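# Survey of secondary and tertiary structure
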Amino acid sequence: MLHFFRGLGLAFRSYGKSFQIIRECKLGWVFVIPVLILIINLVVGGNLSSHFTNIITDWIRDIAPFSMGDSWWANTLRTIASFLVWISLFFILVYIGGFVLLILLSPVLVYVSEKVDQHITGKSYPFVFGEFISDIFRGVRIALRNLTIEIVNSVISLILGFIPLVGFVVPIYLLSVAAYFYGFSFMDYTLERRRFNIKQSVATVRQHKGTAVGLGLIYMVFTTIPLIGFALAGFVAILSTVAATLATHEIVSTRE
């Protein structure tokens, strides 16, 4: 347990250093990328929500035993349908949006982690397009792997949640698992660069659960904030990657 809390401390200390490292590495410009993703998300999300609202409204109109026309009933129906669509999209974003965002940001996060690594080690990593693409695909694979495991784990946990007493523990457990897998994704960028295969990466992160949970917890909290969470999470993902690179470098250096 002491090892776990030491890992948490390492994660939080690394976050504290992130802003300074970003300034020293002149990486401030990368925060433009989450803004672009947010704009695309708002446009696509707005169109999708409008489309699904129309589908639900038309479906209810068809099954209704009377004609609504343009009455206040119709307007109320559309308002309710729009609310249900937005609520659904919110919960989808809370549950899988964080991993989707990591997949979209993979090229940026690979680049950021590499630049931070160069800064703290002095080691040069010449750009090789093939390796860069391989790193991106590995990041996507890790994110998809973690998302799949989390979904299965969540379904099992929710079923167990109906058992008396166990149900009180399930929410805390699910939050811890989500934070762990997010932290895993951030740490793996550095582990991959150290030529750890996925099995070795899994074993290393498992040995440092506290660090993984601490790194992922900050990011996870922002993904769950209503309305603005997804917008903020893109910026936090960059900070989390910087923090994870610092923390993972310290972990690996200690082992060498």
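Residues numbered from 1 in each chain as written. Predicted model: local features only at pLDDT ≥ 70, side-chain atom pairs only at ≥ 80, totals over all residues. Heavy atoms only, no water.

## Examining the packing of aromatic side chains
With the rule as written, the count across this model stands at seven aromatic pairs. With a centroid separation of 5.4 Å and 70 degrees between ring planes, the pair formed by Tyr180 and Phe181 is classed as edge-to-face. Each of the two residues, Tyr180 as well as Phe181, counts as buried. An aromatic cluster is defined as three or more aromatic residues linked by ring pairs; in this entry it consists of Tyr180, Phe181 and Phe184. (Phe/Tyr/Trp six-rings, centres within 6.5 Å; stacked < 30°, edge-to-face > 60°. Buried < 20%, exposed > 50% of the residue type's maximum accessible area, 1.4 Å probe, protein only.)

## Observations concerning the environment of Leu101
Here Leu101 shows up in helix α3 (residues 72–104). Once residues within four sequence positions are removed from consideration, Leu101 is found in contact with Ile37, Tyr219, Phe230, Ala233 and Gly234. (Helix = DSSP H or I, 4+ residues; strand = E, 2+ residues; numbered from the N terminus. Contact = heavy atoms within 4.5 Å.)

## A closer look at helix α4 (residues 106–121)
Taking 1.5 Å of rise per residue, the 16 residues of α4 would be expected to cover 22 Å, and the 22 Å separating its terminal C-alpha atoms lies within 8% of that figure. Taken together, the buried positions of α4 are occupied by Ser106, Val108, Leu109, Val110, Val112, Ser113, Glu114, Val116 and Asp117. A positive phi of about 80 degrees marks Gly122, the residue just after α4. (Expected span 1.5 Å × (residues − 1).)

## Describing the confidence of the model for the protein chain
Averaged over all residues, the pLDDT of the protein chain equals 78, while 70% of them reach at least 70. Helix α1 (residues 2–24) holds the highest mean pLDDT among the elements of the protein chain, 91, whereas α3 holds the lowest, 65. (pLDDT = per-residue confidence, 0-100.)

## Some details on the environment of Val32
When you line up the elements, Val32 lands in helix α2 (residues 32–63). A residue is classified by how much of its surface remains accessible, and Val32, at 45% relative accessible area, is partly exposed. Remark: the alpha-carbon pair of Val32 and Phe235, spanning 203 residues in sequence, is separated by 9.0 Å.

## Describing unusual backbone geometry
Residue Lys26 is not a glycine yet carries a positive backbone phi of 55 degrees. Structurally, Lys26 can be placed in the loop between α1 and α2. For Lys26, a relative accessible area of 69% gives the class exposed. The backbone of Arg195 sits at a positive phi, close to 70 degrees, despite the residue not being glycine. Residue placement: Arg195 occurs in the loop between α6 (166–193) and α7 (198–207). Among the residues examined, Arg195 registers a relative accessible area of 56% and is labelled exposed.

## Topic: the nonpolar core
Core analysis: the biggest nonpolar cluster contains 57 residues, and Val112, Phe186, Leu215 and Tyr219 have the highest contact counts within it. Counting residues per element, the ones that place at least two in this core are α1, α3, α4, α5 (129–160), α6, α7, α8 (209–223) and α9 (229–255). When residues in this core are grouped by element, the largest group, 13 residues, is from α9. Excluding its chain neighbours within four sequence positions, the residues that come into contact with Val112 are Leu27, Val30, Ile238, Thr241 and Val242. (Core = buried A, V, L, I, M, F, W, Y, C linked by side-chain atoms within 4.5 Å.)

## Re the pattern of salt bridges
For the coordinates displayed, the defined rule picks out three salt bridges. Between Arg193 and Asp117 there is a salt bridge whose closest N-O contact spans 2.9 Å. With Arg193 in helix α6 and Asp117 in helix α4, this residue pair connects regions lying 76 residues apart in the sequence. Owing to a relative accessible area of 12%, Arg193 belongs among the buried residues under this scheme. Linking Glu192 and Arg195 is a salt bridge whose minimum nitrogen-to-oxygen distance equals 3.7 Å. Here Glu192 falls in the buried class, since its relative accessible area comes to 12%. A single salt-bridge network, built from bridges that share partners, covers Asp117, Arg193 and Arg194. (Salt bridge = Lys/Arg side-chain N within 4 Å of Asp/Glu carboxyl O.)

## Points about the side chain of Asp117
The exposure class assigned to Asp117 is buried, which follows from its relative accessible area of 0%. Residues in contact with Asp117, not counting those within four places in the same chain, are Gly122, Tyr125, Thr190, Arg193, Arg194 and Thr245.

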